[in-house]
Amino acid sequence: NSQHPIIMARFAKECIQRMSDVTKHLEVQLGPDTGELEIRIGLHSGPVTAGVLRGEKSRFQLFGDTVNTASRIEASGERSKIHISNE
């Protein structure tokens, strides 16, 4: 789908806005220290493997180089920004 990058970028932008709204609410409810909470987003497109991990709490998880690349982009990025790979 050629619209996928645009859809994901819009979703990421909405996540940043919602995080800002939640942070402001928490700051009022719990005090100014919660105002330091922020979000970073890394976007990379490519193949992934998906699976359900079993244990005390089952959870859905994605694996692969694509996930690792997005994670590295996010981890090294600025807060409250969307970071997108060149690939």
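Check the entry above for the structure.
These remarks concern the structure in this document. (Residues numbered from 1 in each chain as written. Predicted model: local features only at pLDDT ≥ 70, side-chain atom pairs only at ≥ 80, totals over all residues. Heavy atoms only, no water.)

1. Considering the overall build of the protein
For the protein, the helix and strand inventory stands at two helices and four strands. Ordered by position from N to C terminus, the α and β elements of the protein give α-β-β-β-α-β. For the protein, the C-alpha radius of gyration of 16 Å lies well beyond 12 Å, the compact-globule estimate for 87 residues. Each principal axis of the C-alpha atoms in the protein carries an extent, and together these give about 40 × 35 × 25 Å. (Helix = DSSP H or I, 4+ residues; strand = E, 2+ residues; numbered from the N terminus. Rg over C-alpha atoms; globule rule 2.2 N^0.38 Å.)

2. Comments concerning helix H2 (residues 65–75)
For H2, the set of buried residues is Thr66, Thr69, Ala70 and Ile73. End-on, the buried residues of H2 take up no more than an arc of 95°, which puts them together on one face. On the buried face of H2, the contacting elements are strand S1 (41–43) and strand S4 (82–84). (Buried < 20%, exposed > 50% of the residue type's maximum accessible area, 1.4 Å probe, protein only. Arc of directions from axis to C-beta. Contact = heavy atoms within 4.5 Å.)

3. Considerations on the pattern of salt bridges
Counted under the stated rule, the structure contains three salt bridges. Residue Arg18 is joined to Glu14 by a salt bridge in which the shortest nitrogen-to-oxygen separation is 3.2 Å. Placement of the pair is Arg18 and Glu14 together in helix H1 (residues 4–30), with a separation of four residues, close to one helical turn. Owing to a relative accessible area of 53%, Arg18 belongs among the exposed residues under this scheme. Of the charged contacts in the structure, one is a salt bridge between Glu74 and Arg40, with a shortest N-O distance of 3.0 Å. Of this pair, Glu74 sits in helix H2 while Arg40 sits in the loop between H1 and S1, and the two are 34 residues apart along the sequence. Accessibility expressed as a relative area gives 23% for Glu74, which makes it partly exposed. (Salt bridge = Lys/Arg side-chain N within 4 Å of Asp/Glu carboxyl O.)

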